Amino acid sequence: MSRHGLRSLSLWIFALPVVLASSVPSIVNVGWTAAIAFTYLGISELGVQVEQPFQLIPLWQICQTVQEDIEELVLHPLEETAEM
């Protein structure tokens, strides 16, 4: 998420308790604000992970495994099966 989007989300989350203060009790206000903040910040983090997946996926390990498999195949080719 861009900086602008994250700042807007943060401003919205900080303003939410002020808006809810006149309509719900304090404990409900805290609960709803925490739940909504957790949900929206989680969605934001998920978007960051989707945009940059290779910071989380161990790509070098996958490449190493593929290289080892190819080297094994080149050094020890598959034997042809006998015709029936």
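Structural notes, computed from the coordinates. (Residues numbered from 1 in each chain as written. Predicted model: local features only at pLDDT ≥ 70, side-chain atom pairs only at ≥ 80, totals over all residues. Heavy atoms only, no water.)

1. Comments concerning a nonpolar patch on the surface
Taken together, the side chains of F54, I57, L59, I62, V66, I70 and V74 present a nonpolar region at the surface, about 650 Å² in accessible area. Along the chain, I57 falls in the loop between α2 (26-51) and α3 (59-75). (Patch = residues over 30% accessible without salt bridge, like charges linked within 9 Å, V, L, I, M, F, W, Y side chains within 5 Å. Areas by Shrake-Rupley, 256 points an atom, 1.4 Å probe, with all protein chains shown as cover. Salt bridge = Lys/Arg side-chain N within 4 Å of Asp/Glu carboxyl O. Helix = DSSP H or I, 4+ residues; strand = E, 2+ residues; numbered from the N terminus.)

2. Structural notes on the side chain of N29
Structurally, N29 is set in helix α2. Leave out the neighbours within four places in its chain, and N29 touches P17, L20, A21 and V24. (Contact = heavy atoms within 4.5 Å.)

3. Comments concerning a negative patch on the surface
Judged by side-chain charge, E68, D69, E71 and E72 come together as a negatively charged surface patch. Looking at the element boundaries, D69 is found in helix α3. Assessed through its relative accessible area of 47%, D69 is described here as partly exposed. (Lys, Arg positive; Asp, Glu negative; His and termini not counted. Charge placed at Lys NZ, Arg CZ, Asp CG, Glu CD. Buried < 20%, exposed > 50% of the residue type's maximum accessible area, 1.4 Å probe, protein only.)

4. A word on the packing of aromatic side chains
Tallying each qualifying case throughout the model produces 1 aromatic pair. Consider the rings of W12 and Y40, whose centres lie 5.4 Å apart with planes at 85°: the pair is edge-to-face. Of the two residues, W12 sits in helix α1 (residues 3-20) while Y40 sits in helix α2, which places them 28 residues apart along the sequence. (Phe/Tyr/Trp six-rings, centres within 6.5 Å; stacked < 30°, edge-to-face > 60°.)

5. Points about the packing of α1 against α2
α2 packs onto α1 with a crossing angle of 170° between their chain directions and a minimal axis gap of 9 Å. On the basis of the axis angle, α1 is roughly antiparallel to α2. Crossing hand, α1 versus α2: right-handed. Here L6, L9, W12, I13, L16, P17 and L20 of α1 lie close against α2, whose contacting residues are N29, W32, T33, I36, A37, Y40, L41 and S44. Across the contact of α1 with α2, the residue classes tally to 12 nonpolar, 3 polar and no charged. (Axes fitted to C-alpha atoms, helices over the stretch in contact; angles between N-to-C directions. Parallel < 35°, antiparallel > 145°, perpendicular 65-115°, else oblique. Left-handed = near helix turned anticlockwise from the far one by under 90°. Nonpolar A, V, L, I, M, F, W, Y, C, P; charged D, E, K, R; others polar.)

Treat this as a map of the structure, not an account of what it does.
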